[in-house]
Amino acid sequence: MKGDFTRATFDPRHHFSQVLLQQGRVTLDADPNEQGAILLHLLRTLARDVFGPYAAPAAEPGFALELQDNDGKRSLSIGAGRYYVDGILCENEGCDYLAQPHYTPAPADPNAGGGDPLRLWLESGDDDEARFWVYLDVWERHVTSVEMPHLREVALGGPDTCSRRQVVWQVRAWAQEPLRKAFEDRIAQLKQRAEQTEDEDERKRLLEWIARLDAALSQLSEDYRSACAAPLRLFERDRPRLAAQLQEHERLDDPCATSPDSAYRGAENHLYRVEIHRGSEHPQGPTFKWSRDNGSVLTRWIGGGGDRIEVANARDFRDRQWVEITDEEDDLLGRPGRLSQIASVEGNVLVLTQAQDRSPNASTKLRRWDHVGQGDFGLASDNAVPLNPPPKHDPAKPYWIPLEDGIVVRFGDGGEYRSGDYWLIPARVATGDVEWPRIDGEAELRPPLGVEHRYAPLGFVGSGDDGEGGQVDSCQCLVYPERLCGELTRVPGPVDNDAVAGDLSVAAARAPQNAATAAKKTAAKRKKVEK
């Protein structure tokens, strides 16, 4: 969440149930934010315990897939209703696969080809044999008044107040053959890692992972209809880890000299954000960027072009800083923007060192980052900081990367980095230190705070069994009420409805008798009291 926060204090390991405000005390943004996080954690944990990893309430099930044929042109509708994915409520007002609120499947490029395979199949209307696994991708993003101007209160002159956390769901598809190949490539990659590692525990863990993938692939090959959840195995990954601390200085042997202490040398409190820019899938390796203000400094691109960008507000932008240019489509596809350096600031015009090859739209924005190339490393080709150590670094020593004012970070061995993974590091002037957990005096390697994606299968869509037309094999999971309270009807489901109806009839027949008995008991008690 790239907001102007003091810090993010919620940690489920503390098992807090409530934040209690006290009279006469200072209240920071972190306190009500943690209260909201506590309640959200409770509700989502409860929903997951009740619904499991994914399910819909039978009364209003959402995301049902339905193929329609209109004059030889197919369409895939996504039904209105609710669905819970890992405890997160997803609400859908009903839409078409090609016109989702937060996702538009890519059309084919006339020059380069490609495009979303399910979209190509729907639009072609061909009867060629094809099958697609359709699934739900759910995650959350942070939105401010820059992305959604209606959050400002115009009655007060439009000040910037609270931001929002938004649930994003996207219905996506994976063609059958690429899906099988993804399994095979993943298995081959893990086998190579298992052969190269010398850690027996790590080898055992990798072999168990391979076995799970093999079982899922076999199930998918034997009977895809019973393998709804099998492709979810492909989303498993080794989460990356990061540690942060202050630069440790070498101790001096001279008894007449005072050894320097490790201390945060900044003049202000900051919430540093370390975020992965490009992921591990890139041939040149992952990179990261960082901000001393949690990446919260951003503004809209409102005019100009090339190397002279007119923005809505140039405050807090300075020479030599980096800006990342993105728009709504970049955010929803989880792809990083282009990093460009500021040469100078002229009023509300940012003069960049490189001309931009894109034109702005209503959602285009510029976000400030504070990383620079320093020490033993420079910047990578994408103008971000490389994670891999330089060639001259001693592999026997941990590779600590300096940020600024004595703060250094290091990334753990292994891990699969994805664009958007991030960590937060509060730095405080009063203590001259950073708030980061330590284990036996060593900075703890911690997984990223987000962005975390959750997935749920929705069904298989493709050609009919006879090779003609199209069909949907649903993977939708429904949850039915356990018992009826005051209702004489229930949602049809996998229960003995005749038995339920019979029980209700008996209960209705006995109701007058039970009422009469209760009245007699009440009268008898009243007589005793009168005596």
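Residues numbered from 1 in each chain as written. Predicted model: local features only at pLDDT ≥ 70, side-chain atom pairs only at ≥ 80, totals over all residues. Heavy atoms only, no water.

> Hey, could you go over empty space enclosed by the protein for me, with residue numbers and the actual values?
This model, assessed by the stated rule, comprises one cavity of 30 Å³ or more. Of the voids in this model, the largest cavity is the one considered here, and its volume is about 50 Å³. Lining the largest cavity, in full, are R131, F132, W133, Q176, L179, L220, Y224 and F460. With three residues, the single largest contributor to the lining of the largest cavity is strand 7 (residues 131–143). (1 Å grid on protein atoms, 1.4 Å probe; cavity = no way out; pocket = protein on both sides within 12 Å on 5 of 7 lines; lining within 4 Å. Points joined across faces, edges and corners; volume = space filled by probe spheres on them. Helix = DSSP H or I, 4+ residues; strand = E, 2+ residues; numbered from the N terminus.)

> Tell me about the pattern of salt bridges, and name the residues and values.
Where charged atoms from two side chains of opposite charge approach closely, those side chains can pair. Tallied over the entire structure, the rule returns 43 salt bridges. The partner of R368 in a salt bridge is D293, and the shortest N-O contact between them spans 2.7 Å. Here R368, found in strand 17 (residues 365–369), pairs with D293, found in the loop between strand 11 (287–291) and strand 12 (298–305); they are 75 residues apart in sequence, far enough to count as distant. According to the relative accessible area criterion, R368 is buried, its value standing at 5%. Put simply, K2, R273, E275, K289 and E324 are held in one network by salt bridges that share partners. (Salt bridge = Lys/Arg side-chain N within 4 Å of Asp/Glu carboxyl O. Buried < 20%, exposed > 50% of the residue type's maximum accessible area, 1.4 Å probe, protein only.)

> Before we move on, could you go through the sheet that holds strand 2 (residues 65–70) and cite the residues and values that matter?
In space, the three strands of this open sheet follow the order 2-3-6, with antiparallel pairing throughout. This sheet does not close on itself; its edge strands, each paired only once, are strand 2 and strand 6 (95–96). Pairing analysis gives six bridges linking strand 2 to strand 3 (residues 73–78), with the strands arranged antiparallel. Along strand 3, the bridge assignment pairs Q68 with S75. Against the sheet, helix 2 (residues 117–124) engages strand 2 and strand 3, with an angle of about 130° to strand 3. (Pairing = 2+ DSSP bridges. Contact = heavy atoms within 4.5 Å. Axes fitted to C-alpha atoms, helices over the stretch in contact; angles between N-to-C directions.)

> I'd like a description of the sheet that holds strand 20 (residues 407–411), backed by residues and values.
Read across the sheet, three strands follow the order 9-20-19 without closing on themselves; strand pairing throughout is antiparallel. Bordering the open sheet on either side are strand 9 (242–246) and strand 19 (401–402), each of which pairs with just one other strand. Pairing between strand 9 and strand 20: five bridges, direction antiparallel. Directly across from L246, in strand 20, lies its bridge partner I407.

> I'd like a description of unusual backbone geometry, backed by residues and values.
Cis geometry marks the peptide bond from G450 to V451, where omega comes out at 0°. Within the element layout of this structure, V451 appears in the loop between strand 24 (442–443) and strand 25 (454–463). Of note in this structure, H15 is not a glycine but carries a positive phi near 60°. When you line up the elements, H15 lands in the segment before helix 1 (30–51). Here F63, not a glycine, exhibits a phi torsion of approximately 70°, which is positive. Within the secondary structure, F63 is located in the loop between strand 1 (54–57) and strand 2.

> Describe the packing of aromatic side chains, listing the residues and the values that go with them.
One pass over the structure, following the stated rule, counts 15 aromatic pairs. Each ring, one from F411 and one from Y417, has its centre 5.8 Å from the other, and the planes form 80°; the classification is edge-to-face. Per residue, the accessibility class of F411 equals that of Y417, and both read buried. Through successive ring pairs, a cluster of aromatic residues spans W133, Y135, W174, F235 and Y455. It is R172 that lies over the ring of Y103; its NZ or CZ is 4.3 Å from the centre. (Phe/Tyr/Trp six-rings, centres within 6.5 Å; stacked < 30°, edge-to-face > 60°. Lys NZ or Arg CZ within 6 Å of the ring centre and 35° of its normal.)

> Mind laying out the state of the cysteines, listing which residues take part and the relevant values?
Per the counting criterion, the structure on display carries one disulfide. What pairs with C228 in a disulfide is C475, and their sulfur atoms sit 2.0 Å apart. Here the S-S torsion is close to -80°, and the disulfide linking C228 with C475 is therefore left-handed. Here C228, found in the loop between helix 4 (200–222) and strand 9, pairs with C475, found in the loop between strand 26 (470–474) and strand 27 (478–479); they are 247 residues apart in sequence, far enough to count as distant. This pair shows no difference in class: C228 is buried, exactly as C475 is. Left without a disulfide partner, C477 is nearest to the cysteine sulfur of C228, which lies 9.7 Å away. (Disulfide = S-S within 2.5 Å.)

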